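Overview (structure and organization)
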Amino acid sequence: MAELNTQDAAQQLLLQLTQLEERLLQRGTLPKASKLERVRYLKPSLQELAERRQILQQLTFLGAATQVDAARAQAVEKVEVEITQLLASLGVELQLTTNEAKALQAKLASALTNLGFNLVNRDSDLRLVIQFKSNKLERNGLSYVDVNASAQINSANNRTLHVINAAARAVSSELNVAKNKAENELAEKLANSLIESLYENL
């Protein structure tokens, strides 16, 4: 009985996988459009690829991974590689509006690069215009640093696509340590928010 239930579950998952992979292949990657148009078009594919990974894990657990259509799987994996390359090829330019904001540039560039973004100085697909504020307070031998930033995400033709905000706080007995901690956390939050914005708001 348990074996029949396992087989039924595997067959249902294989059917789901077939339908999902056919949607992915039918949608394709819109190769002739601009990069941002392709990212918008491929949002459903990003979600479906995540669902596909979950289904494949379940099939492996049920011992049914060998029943997957190999030719179709190979075609889907080719689409996935194209999407990954597209996202990695998006040129992102940083524009920091004040000298105080420019102090964040190296940290933000590092955080974005670590997440796979391609930073450029010109001919960008996306431009991040950063505004930055920092407040420092010393009390009872401790330094408190609060940092806030907003990033306006603009297209290559300077159209505002979305605005993201982030804030961070750090405390230390040394002001520079607190400042570095707060700015590093802020940079990571902005970089992660940019990824979410790419998938949800552009």
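Structure first, text after, so check above.
This text gives an overview of the structure that appears in the document. Just so we're clear, the structure is a prediction, and the values are computed from it rather than from any experiment.

Attention shifts here to the nonpolar core. Counting residues in each nonpolar core, the largest one holds 54 residues, and the members touching the most others are Leu59, Leu112, Leu128, Leu186 and Leu190. The greatest single-element share of this core, amounting to 8 residues, is contributed by helix H7 (residues 175-200). Setting aside residues no more than four positions away along its own chain, Leu186 makes contact with Leu104, Phe132, Val147, Asn148, Ala149, Ala166, Ala167 and Ala168.

Moving on, we come to the pattern of salt bridges. All chains considered together, the criterion is met by 13 salt bridges. Residues Asp125 and Lys35 are paired through a salt bridge, measuring 3.5 Å at the closest nitrogen-oxygen approach. Residue Asp125 is located in the loop between strand E2 (118-119) and strand E3 (126-139), and its partner Lys35 is located in helix H2 (residues 35-41); the two are separated by 90 residues in the primary sequence. Looking at Asp125, the relative accessible area reads 18%, which means it is buried. Overall, the relative accessible area of 30% leaves Lys35 in the partly exposed class. A salt bridge links Glu80 to Arg53; the shortest N-O distance between them is 2.7 Å. Here Glu80, found in helix H4 (residues 70-89), pairs with Arg53, found in helix H3 (residues 43-61); they are 27 residues apart in sequence, far enough to count as distant.

The subject of this paragraph is H4. With 20 residues, H4 should cover 28 Å at 1.5 Å per step; its first-to-last C-alpha distance of 29 Å lies within 8% of that length. Looking only at H4, the buried set comprises Arg72, Ala73, Val76, Val79, Ile83, Leu86 and Leu87. All buried residues of H4 fall inside an arc of 135 degrees around its axis, so they share one side. Turned more than 90 degrees from where H4 packs its buried face, Ala70, Ala71, Gln74, Lys78 and Gln85 sit exposed. N-cap assignment for H4: the residue whose side-chain oxygen lies 3.1 Å from the backbone N of Ala71 is Asp69.

Conventions we followed
Residues numbered from 1 in each chain as written. Predicted model: local features only at pLDDT ≥ 70, side-chain atom pairs only at ≥ 80, totals over all residues. Heavy atoms only, no water. Core = buried A, V, L, I, M, F, W, Y, C linked by side-chain atoms within 4.5 Å. Buried < 20%, exposed > 50% of the residue type's maximum accessible area, 1.4 Å probe, protein only. Helix = DSSP H or I, 4+ residues; strand = E, 2+ residues; numbered from the N terminus. Contact = heavy atoms within 4.5 Å. Salt bridge = Lys/Arg side-chain N within 4 Å of Asp/Glu carboxyl O. Expected span 1.5 Å × (residues − 1). Arc of directions from axis to C-beta. Polar contact = N/O pair within 3.5 Å; in protein donor to acceptor, adjacent residues only side chain to side chain.

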